[in-house]
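What follows is the residue order along each chain.
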Amino acid sequence: MDLNAIRILGLDPGLRRTGWGVIDVLGSRLSFVACGTILPPEAGEMAERLAFLHRGLVDVLLRFAPDEAAVEETFVNMNPSSTLKLGQARGVVMLAPAQMGLPVAEYAPLLVKKSVVGAGRAEKAQVRMMIGILLPKATPETDDASDALAIAITHAHHRGAAARARAAL
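Because the structure is predicted, anything quoted here is derived from the model rather than measured.

Reading the values: the criteria
Along each chain, residues carry numbers from 1 onward, in the same order as the chain's sequence is written. Only residues with pLDDT of at least 70 are given local features in this predicted model, and only at 80 or more are side-chain atom pairs given and counted; all residues enter the totals for whole chains, interfaces and linings. In computing side-chain properties, one takes all heavy atoms of the structure into account and sets aside hydrogens as well as water. Definition of nonpolar core: a set of buried residues of the types Ala, Val, Leu, Ile, Met, Phe, Trp, Tyr and Cys, connected through side-chain atoms within 4.5 Å. Classification of residues uses two cut-offs on accessible area relative to the type maximum, computed with a 1.4 Å probe and protein chains only: under 20% is buried, over 50% is exposed, and between them is partly exposed. Where helices and strands are cited, they refer to DSSP runs of H or I of at least four residues and of E of at least two residues respectively, numbered from the N terminus. By definition, residues are in contact when any of their heavy atoms lie within 4.5 Å. Only the stretch in contact is used when fitting a helix axis, every axis being a line fitted to C-alpha atoms; angles between N-to-C directions are given from 0 to 180 degrees. In this scheme the crossing of two helices becomes right-handed for a clockwise turn of the near helix relative to the far one and left-handed for an anticlockwise turn of less than a right angle. Any residue that is not Ala, Val, Leu, Ile, Met, Phe, Trp, Tyr, Cys, Pro, Asp, Glu, Lys or Arg is counted as polar, Gly included; the first ten are nonpolar and the last four charged. The pairing test for Phe, Tyr and Trp rings, Trp by its six-membered ring, is centres within 6.5 Å, and the orientation test on the planes gives stacked under 30 degrees, edge-to-face over 60, and tilted for anything in between.

Chemist: I would appreciate a short explanation of the nonpolar core in the present structure.
Modeler: Side chains that are nonpolar tend, in soluble globular proteins, to be buried together. The biggest cluster of nonpolar side chains holds 22 residues, and the ones touching the most others in it are I23, L30, I131, L135, L149 and I153. When residues of this core are assigned to their parent elements, the largest contribution, seven residues, is made by helix α5 (residues 143–168). Each residue touching L30, except ones within four places of it in the same chain, is listed here: I23, D24, V25, L134, L135, I153, A156 and H157. Among the nonpolar cores identified, the runner-up in size contains 21 residues, and L11, A34, L57 and V71 belong to it.

Chemist: I tried to follow the packing of helix α1 (residues 46–64) against helix α2 (residues 80–99) on my own but got confused; where do I start?
Modeler: Any two packed helices are characterised by how steeply their axes cross, that is the angle between the axes, and by the distance between the axes. Two elements in contact, α1 and α2, have axes whose closest approach is 9 Å; the angle formed by their N-to-C orientations is 35°. When the axes of α1 and α2 are compared, the crossing they make is right-handed. In this structure, α1 contributes M46, L50, L53, H54, L57 and L61 to the contact, and α2 contributes K85, Q88, A89, V92, V93, L95, A96, P97 and Q99. Its residues assigned to classes, the contact of α1 with α2 shows 11 nonpolar, three polar and one charged.

Chemist: Can you help me understand the packing of aromatic side chains in this one?
Modeler: Geometry of an aromatic ring pair is reported as the spacing of the ring centres plus the angle between the planes. Taken as a whole and judged by the stated rule, the model has one aromatic pair. Ring centres 5.4 Å apart and planes at 35° place the aromatic pair W20 and F64 in the tilted group. A residue pair is termed long-range when its members are at least 10 positions apart, and W20 in strand β2 (residues 18–26) and F64 in helix α1 qualify at 44 residues. Residue F64 is classed as buried on the basis of its relative accessible area of 15%.

Chemist: What's the story with unusual backbone geometry in this structure? I'm lost.
Modeler: Generally, phi is negative for residues other than glycine and the peptide bonds are trans, each holding for most cases. One non-glycine residue, A65, lies in the positive phi region at around 45°. If you trace the backbone, A65 turns up in the loop between α1 and β4 (68–72).

Coordinates in, geometry out; function isn't part of it.
This is how it looks when you write it as structure tokens:
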């Protein structure tokens, strides 16, 4: 990694599957570092699943030492129970990098798709295809990992605006 590069961790939160993707950014050049998916046990109690997710995120943070993190905002779906559970997972996903002192930016799903594909209503297959073009060495095995890389790319493109928004608070 170039010492002037910024390392970004993109996170696609979920209670069943949380995707993560790490890229290095130097100027306008993006480089793939790693990606994967954390799979909490579906049979466990909520607290156990959230603890598993937290441990997995801490492992990723320690292994790849990102400078900044970006998380996809939660969309509200028709099932209030599902939305609440996703919100709990998202809280853990935001907490882990924040505990390590990283700034954590948030991006709406439409902005992520528009930033990567050029259209806010893009399909997952289109996002995955563009990840292959923008990060040729990337090998996401799941849509969640691909989405996490898309979130990291979005942050690379919008991080100046995100930093100004945080400073204004």
